[in-house]
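# Architecture at a glance
Here are the chains, one letter per residue:
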Amino acid sequence: MTQTGGTQPAATSSGSGTGGLFDILELILDRLGEPVARQVDARQWGQAEEIVGRLSGLAASGVVADPSKDDVLNVSFLVEHARADEFTTAGRRLAHDHGDAQDFRPRGPLPPYSFAA
C-alpha cells in the first residue's frame, strides 16, 4: 500500500503475488472458498438423500444416474399406476418444502431403459 493525499491508503497490486492488498484478498478467498464449497456440496447431498429417501418408499424401484451439468440429482422412479397420484403429491410437497433451494423438474412417463442400472 502507498499513502496518497495523506488520508487514505491506496491499494496496489503488482499481480506478482508480492503481498499487495488484492493478492492478500485473493488468498483469503481461495482459503475460504474450499471449506464453503465442501459445506455446499454436503448440504446438497443431504437434500438429495432426503428426496430419494422420501420418494423411494412410494416407488417400486428407483435408479440414480449421473446428474447433468447443473443438476445435483438425477433419479428415475418406477411407480405403480395405483400410487402415481400419491407419488406426485409427495414430489410436489418436497418441492414446496425446499422452496427456492431446489428446482424440481419432474418428467414422465419415462421409457423402460430409464430404469436399467
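Everything below is about the structure printed above this text.
Attention in this report is confined to the structure presented alongside it. (Residues numbered from 1 in each chain as written. Predicted model: local features only at pLDDT ≥ 70, side-chain atom pairs only at ≥ 80, totals over all residues. Heavy atoms only, no water.)

Let us now look at the pattern of salt bridges. Following the criterion strictly, the structure yields three salt bridges and no others. Between Arg 54 and Glu 50 there is a salt bridge whose closest N-O contact spans 2.9 Å. Placement of both Arg 54 and Glu 50 in helix α1 (residues 21-56) is noted, with a separation of four residues, approximately one turn of the helix. The exposure class assigned to Arg 54 is partly exposed, which follows from its relative accessible area of 36%. Given a relative accessible area of 32%, Glu 50 falls into the partly exposed group. Between Arg 54 and Asp 97 there is a salt bridge; the shortest N-O distance is 3.4 Å. On the criterion of sequence distance, the pair formed by Arg 54 in helix α1 and Asp 97 in helix α2 (residues 84-98) is long-range, its members being 43 residues apart. Linked by salt bridges that have partners in common, Glu 50, Arg 54 and Asp 97 make up one network. (Salt bridge = Lys/Arg side-chain N within 4 Å of Asp/Glu carboxyl O. Helix = DSSP H or I, 4+ residues; strand = E, 2+ residues; numbered from the N terminus. Buried < 20%, exposed > 50% of the residue type's maximum accessible area, 1.4 Å probe, protein only.)

To locate leftover empty space, one rolls a probe as large as a water molecule over the atoms. Roughly 1,200 Å³ of internal volume is contained in the largest pocket. Secondary-structure elements contributing two or more residues to the lining of the largest pocket are α1, β4 (74-78) and α2. Of all the elements, α2 adds the most residues to the lining of the largest pocket, at six residues. A per-class count over the lining of the largest pocket returns 18 nonpolar, 10 polar and seven charged. (1 Å grid on protein atoms, 1.4 Å probe; cavity = no way out; pocket = protein on both sides within 12 Å on 5 of 7 lines; lining within 4 Å. Points joined across faces, edges and corners; volume = space filled by probe spheres on them. Nonpolar A, V, L, I, M, F, W, Y, C, P; charged D, E, K, R; others polar.)

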